[in-house]
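Spelled out, the chains give:
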Amino acid sequence: MNTVIFRTLAPFLTALMLLFSVFVLLRGHNEPGGGFIGGLIAAAAMAIYGVARGIQPVREALWFHPMAIAAFGLLLACVAGLVSMLAAVPFLTGLWIYPSLFGVEVPLSTVMLFDLGVYLVVVGAITSIALALEREDI
Amino acid sequence: MEVLFSLLVGVFFAAAIYLMLSKFLVRILLGVAILGNAVNLLLFTSGRILREVPPVIPAGLDRQVAVTANPLPQALILTAIVISFSFFAFLLVLSYRAFQDLGTDNANDMRVAEPVADSAPPTGY
Amino acid sequence: MQSGMMAMTFVAFCLPFAGALAAPLLTRLLGSRAALPLSLFPLAIFVHFAQLLPEIGRGEIVTGGYMWVPHYNVSFSWLIDGLSLTFLLLISGIGALIVLYSGAYLKGHPHQGRFFSFILMFMGAMLGLVASDSFLMLFVFWELTSITSFLLIGFDHAREASRRAALQALVVTGGGGLMLLAGLLVIWDVTGVTQLSLLLSFGPEVRASPFYVAILVLVLGGAFTKSAQFPFHFWLPNAMEAPTPVSAYLHSATMVKAGVYLLMRLNPVLGGTTPWETILPAFGGLTLLVGAVLSIRQTDLKLMLAYTTVASLGLLVMLTGFGSEHAAAAAALYLVAHSLFKGALFMVAGLVDHETGTRDITRLGGLGRAMPLTFAAALLAALSMGGLPPFFGFLAKEEVYVALSGGSLRSMAFMLAAVIGNALMFAVAFAIALKPFLGPRVATPKAPHEGPALLWLGPMLLAVCGLAAGLISAEVHALVTSPLASAIAGQPQVVTVSAMPHVSLALLLSAVTIVLGVAFFLLLDRARLAADRLVEDIGWGPDRGFDQFMAGLVRFSHRLTRLLQPGRMEVYLTITFAVVAAALLLPLAWYGEWPRLPIWPADAQFHELAVMALAIAGVFGVLTATNRLNAILALGIQGFAVALLFLLFGAPDLSFTQFMVETLSVVILTLVMTRLHLQPRDARPLSQKLPDAALAIACGLGFSLYLLKVTQGRFDPVLTEFFNLYSKAIAHGANVVNVIIVDFRGTDTLGEIAVVMTTGLAILSLIRIRKSVAGSAATATGPKKATAGDTQR
């Protein structure tokens, strides 16, 4: 798999897949997509990059340890639930606000925050599994 | 279509269970992977099967009016897929580690926790 | 009850536990002098409950409590009547003396703080037990007394005998507690009430219930084990392994009386029937005789007392179930008298042991001059135990004989048992009070001298109480025994017996008892030999039976475990899947509910059939693959075929997810299998393959048929319609699947991502364990070696 073409193309492929994963995540509420799928696409992107360039560049590119990303995602998901409790509704009840940004109404919600948490957990956990298995010296 | 799906599910289960009854970890792993798919298809089928119409509410409408696929089993399966993947990865690493430490992929030779010559526990106080 | 009083009572129930928490610290600060502040806890409780005496004396019942789990109607509530109050005062009063006594008795012991803690914990449990109104609290405290008694008996845990005795007591009384729980649940089922105070008015319903005998057997199972009735008596003498303060407290005055308490408490509900009035006196009478005969046989002061305690408990059970007019009063009087004299005598035995270094009655003598106060206390207690006027024990024995003098054959038989039992106990009482103190001086391991004040204070006080209660019997009856007897009988009773002897049948029987007792006392050595021979002729006893039972249990468990867990994974999996196949196929066959013969779907299109065929081909490819590349490839094919199926049948979300997961699975499988050089070989012989295949096909067939049956039935669209209706309206999302995941069932998803996260952590740690354990070896031999199987340890 270590052909020159693959190694050259892999970063672009990864970048595209990451962009696509965010797109899938954001449109998930109204079209097919969502945190699980987006997260898996992003994790696959990392895995491809890792296969092409080795795991060290992936770790450097990620900046954080993938498990830390997953933990942050779990935290976000919990925060999304706790915000609802602060608003005196049951845990994880969806709350929506519609701030206006440059004249465009942007729907923001705790549900979206929760989905982002799911996305990050899936990315982090599965990337860390893949990277662990890609290591040569285990 | 439920009829065909039922038969398909049966085939998946039979194959998965046959693989899992083997003594060798790799075949057991393959069996677990197929078992996940079998269970997902089972859930999918029991929610009844409709063609091609995803459970998405068309723009401009407040509720679903058309007949679509059943969203509930889909939601269950979606998370199940991810979880069974994590489970599969865990088993994979576990067998890998077992192989490295014990030097065998035969489950019957792995007797560290339950040794063959296990003496009777002491009686007394 | 006013709320102030109620709060105080609640605090009183919590105080022992607070004391238990404080005890280790106090003992570290003050040493054995911690007994003084710690004794204030039970003393405060005693004073608090003593305030209730006038109210209870007027025949009132004090109830109170707080809701605990309102949803299930579970409350922490108490019921204090004559019965409960007597117990509360005995427990807290004797408890205070015991704390002081053990301050001196265990002085310098390295774990004295722990001991205080256990004793106070036990006290809290016992107080809760006798005052609990709700069944649940009764059971909780009941088992708590078993557990704390386990801790106390095993206090000297370095000795095997202690460990055995502790375990034995726990198994017997804890097992009985479970029977009690079952009995209480049946009572709850029959009456619908969970509180003793309410249950008292349900007597007729319970007695008429078809489950009455079951209730009786279960409740008696609890009471007889706790109160050491024959044939469960054996744990009590063994429990003498505990330090003497424990024996004096738990095994004479309090815990062993819990069973008697339960019988007395339930007498108005369960009593008055033929089974009750047959079983209780029969077992009680037998226990009385067995205990008395066995006590004669002993030479150890504590063991002599322990067996007389067994006998006394038998007498109490007999009286509780006897059902005659004076039986309740007799039981009440004997209960109080016994607690006073037996607690005192146990403490005397401990004191003698502490000061001389031995408890063997044949190696003691002439201590009277060296230990005059101890001698006095022992003599006072023995006079009460022997039933001589004007001691309280005399009143009790008079009333016992009045209660048993019915004239019928049954009364005569039990009367005979009571006279013999009492005479034997008379002999033992004076053997303990006289033999060590009179006669020529016998050399003892330690030079005897009077013990410290804390040691003789307790027995002296209890013994004097036994005398005083006999002298001012009118007041005692008004405040204590009459309400107590009323609670036992379930109707108002007035106890009138006084210390003034008057000519009657009972007095005559008392005289006979004393004459017999003196005879036994004089012939004690010969009687001991006779009893010894009797026991040796019988040979096997329940005590040895317990050992055999425990050893048998271990052997049985070991064999069963070996049978169920042979350590071979294929056996586990075969059993599991056999059960799955049976669970799927047998109900269909049993009820004849096979699915209708399926019809080939007319609308099945070619590309759909092709994808299904692809999936099946993939599965067969995995089954038949002989090298890893083919296996992985085939696995990928079936996975992608499933993804296509999802796409074709209206599930794009699933399809994408499945595609990604299958890709990742193939990648990680390749990574691991390449490195390991594993082959998916199938080395099963044909004789193994055929049954495996049959089992697999049976399971597959089961799932197919089951699914056919399900899909042929009516579809319940309630949930689906709910989600379709509200997805946009409430949750503002058009993709119903995603809305279910992140909104409607968000908490589930939260759990699921936590699982994913945990799996990731588990995998990382699995890999890192290897690094840390084999780290040095792996770096030394290089990465190449680590991949082969040569790193096994």
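Residues numbered from 1 in each chain as written. Chains lettered and ligands numbered in written order. Predicted model: local features only at pLDDT ≥ 70, side-chain atom pairs only at ≥ 80, totals over all residues. Heavy atoms only, no water.

Student: An account of helix H1 (residues 4-27) of chain A is needed here, citing residue identities and associated values.
Tutor: Residues and elements named next belong to chain A. When the terminal C-alpha atoms of H1 are compared, their 35 Å separation across 24 residues agrees well with the 34 Å that a helix rising 1.5 Å per residue should span. Residue Ala-10 marks the point of greatest curvature in H1, where the axis turns by about 40 degrees; the proline Pro-11 follows within four residues. Listed as buried for H1 are Ala-10, Thr-14, Met-17, Ser-21, Val-24 and Leu-25. (Helix = DSSP H or I, 4+ residues; strand = E, 2+ residues; numbered from the N terminus. Expected span 1.5 Å × (residues − 1). Bend = angle between axes of the 7 residues up to and from the residue. Buried < 20%, exposed > 50% of the residue type's maximum accessible area, 1.4 Å probe, protein only.)

Student: Just give me the short version of the side chain of Glu-143 of chain C, but keep the residues and values in it.
Tutor: All names here are of chain C. On the secondary structure map, Glu-143 appears in helix H6 (residues 135-153). Buried and unpaired, Glu-143 has no salt bridge, with Lys-226 as the nearest side chain of opposite charge at 5.6 Å. Those residues in contact with Glu-143, other than ones at most four positions away along the chain, are Thr-173, Gly-174, Gly-177 and Leu-178. (Lys, Arg positive; Asp, Glu negative; His and termini not counted. Salt bridge = Lys/Arg side-chain N within 4 Å of Asp/Glu carboxyl O. Contact = heavy atoms within 4.5 Å.)

Student: Provide a residue-level description of the UniProt feature "transmembrane region" (unreviewed entry) in chain A, including the pertinent values.
Tutor: Residues and elements named next belong to chain A. As recorded in UniProt, the sites labelled "transmembrane region" (unreviewed entry) are residues 12-29, 35-55, 67-98 and 110-133. Span residues 67-98 is 62% helix and 6% strand, its end C-alpha atoms 33 Å apart. Annotated as 100% helix and 0% strand, the span residues 110-133 places its first and last C-alpha atoms 35 Å apart. (UniProt positions renumbered as here; feature names shortened; annotations may be inferred.)

Student: If you had to explain the nonpolar core to someone new, which residues and values would you point to?
Tutor: Phe-49, Ile-80, Leu-199, Trp-235, Tyr-249 and Leu-404 of chain C are the most contacted members of the largest nonpolar core, which has 196 residues in total. Ranked by residues supplied to this core, first place goes to helix H16 (residues 327-356) of chain C with 21 residues. Ignoring anything within four residues of it in the chain, the contact list for Tyr-249 of chain C reads Ile-91, Ile-94, Gly-95, Ile-98, Ile-119, Phe-122, Met-123, Thr-254 and Met-255 of chain C. Leu-40 and Leu-133 of chain A together with Ile-740 and Leu-764 of chain C belong to the second-largest nonpolar core, a separate cluster that totals 119 residues. (Core = buried A, V, L, I, M, F, W, Y, C linked by side-chain atoms within 4.5 Å.)

Student: Explain the UniProt feature "domain: Na+/H+ antiporter MnhB subunit-related protein" (unreviewed entry) in chain A residue by residue, including any values.
Tutor: UniProt tags residues 5-127 of chain A as "domain: Na+/H+ antiporter MnhB subunit-related protein" (unreviewed entry). Helix makes up 72% of residues 5-127 of chain A and strand 7%, whereas the separation of the span's terminal C-alpha atoms amounts to 23 Å.

Student: Provide a residue-level description of the interface of chain B and chain C, including the pertinent values.
Tutor: Facing 95 residues of chain B, the contacting portion of chain C comprises 116 residues. Together chain B and chain C conceal approximately 9700 Å² of surface at their shared face, both sides included; 71% is due to carbon and sulfur atoms. Its largest share of buried area at the contact with chain C, chain B owes to Tyr-18, Leu-21 and Tyr-125 of chain B, together 10% of the area lost on that side. Summed over the shared surface of chain B and chain C, the number is zero salt bridges. Here chain B is connected to chain C by 16 residue pairs in polar contact (both at pLDDT 80 or more). Secondary-structure elements contributing two or more residues to the side of chain B that touches chain C are helix H1 (2-20), helix H2 (25-46) and helix H3 (71-102) of chain B. Broken down by class, the residue content of the side of chain B that touches chain C amounts to 61 nonpolar, 20 polar and 14 charged. (Buried area = accessible area lost by both parts, 1.4 Å probe. Polar contact = N/O pair within 3.5 Å; in protein donor to acceptor, adjacent residues only side chain to side chain. Nonpolar A, V, L, I, M, F, W, Y, C, P; charged D, E, K, R; others polar.)

Student: I'd like a rundown of the packing of aromatic side chains, residues and numbers included.
Tutor: Residues and elements named next belong to chain C. The tally for this structure, following the rule as stated, stands at 28 aromatic pairs over all chains. Where Phe-76 meets Trp-78, the ring centres are 6.2 Å apart and the plane angle is 75 degrees; that geometry is what we call edge-to-face. Each member of the pair Phe-76 and Trp-78 is classed as buried. Members of the aromatic cluster, joined through ring pairs, are Phe-10, Phe-13, Phe-49, Tyr-66, Phe-76, Trp-78 and Phe-141. Here Lys-226 stacks its cationic end above the ring of Trp-142, 5.2 Å away from the centre of that ring. Taking NZ or CZ as reference, Arg-410 lies 4.4 Å from the ring centre of Phe-322, over its face. (Phe/Tyr/Trp six-rings, centres within 6.5 Å; stacked < 30°, edge-to-face > 60°. Lys NZ or Arg CZ within 6 Å of the ring centre and 35° of its normal.)

Student: Describe the confidence of the model for chain A, with residues and values.
Tutor: Per-residue pLDDT for chain A has a mean of 85; in total, 96% of the residues score no lower than 70. Predicted confidence in chain A is weakest over strand E3 (residues 104-105) of chain A, with a mean pLDDT of 73, and strongest over helix H4 (residues 66-86) of chain A, with 91. (pLDDT = per-residue confidence, 0-100.)

Student: Can you explain the interface of chain A and chain C? Please cite residues and give values.
Tutor: With 43 residues of chain A in contact, the opposing surface of chain C contributes 37 residues. Considering only the surface of chain A that becomes buried against chain C, His-29, Leu-40 and Leu-133 of chain A emerge as the three largest contributors, covering 15% of it. The tally of links between chain A and chain C comes to zero salt bridges. Our count for the chain A to chain C interface comes out at eight residue pairs in polar contact (both at pLDDT 80 or more). Among the secondary structure elements, those contributing two or more residues to the side of chain A that touches chain C are helix H2 (35-53), H4 and helix H5 (110-134) of chain A. Top element by residues in the side of chain A that touches chain C is H5 of chain A. It accounts for twelve residues. Residues belonging to the side of chain A that touches chain C are distributed by class as follows: 28 nonpolar, nine polar and six charged.

Student: Kindly report on the UniProt feature "transmembrane region" (unreviewed entry) in chain B, identifying the contributing residues and their values.
Tutor: UniProt records the feature "transmembrane region" (unreviewed entry) at residues 6-21, 28-50 and 75-94 of chain B, using the numbering of this structure. In residues 6-21 of chain B, helix accounts for 94% and strand for 0%; the two terminal C-alpha atoms are 23 Å from one another.

Student: Account for the pairing of strand E1 (residues 62-69) of chain C, naming residues and giving values.
Tutor: All names here are of chain C. Across seven bridges, the pairing between E1 and strand E2 (residues 74-80) is antiparallel. Residue Met-67 lies in a different strand from E2, and its bridge partner there is Ser-75. Two successive antiparallel strands, E1 and E2, enclose a turn made up of four residues, where Asn-73 displays a positive phi of approximately 60 degrees. (Pairing = 2+ DSSP bridges.)

Student: Quick rundown of helix H5 (residues 112-131) of chain C? Include the residues and the values.
Tutor: Between its first and last C-alpha, H5 of chain C extends 29 Å over 20 residues, near the 28 Å set by a 1.5 Å rise per residue. Taken across its 20 residues, H5 of chain C has 18 buried, putting it largely inside the fold.

Student: If you had to explain the pattern of salt bridges to someone new, which residues and values would you point to?
Tutor: All names here are of chain C. Counting across every chain of the model gives 13 salt bridges over all chains. Between Arg-528 and Asp-525 there is a salt bridge; the shortest N-O distance is 3.2 Å. Linking Arg-528 with Asp-525, this pair stays in helix H23 (residues 524-538), spanning three residues, or about one helical turn. With relative accessibility at 48%, the residue Asp-525 sits in the partly exposed group. The structure contains a network of salt bridges with shared partners spanning Asp-156, Arg-159 and Glu-241.

Student: Can you lay out the environment of Gly-636 of chain C for me, pointing to particular residues and giving the numbers?
Tutor: Following the sequence through the fold, Gly-636 of chain C ends up in helix H27 (residues 628-648). For the pair Gly-636 of chain C and Gly-203 of chain C, spaced 433 residues apart in sequence, the C-alpha separation works out to 72 Å.

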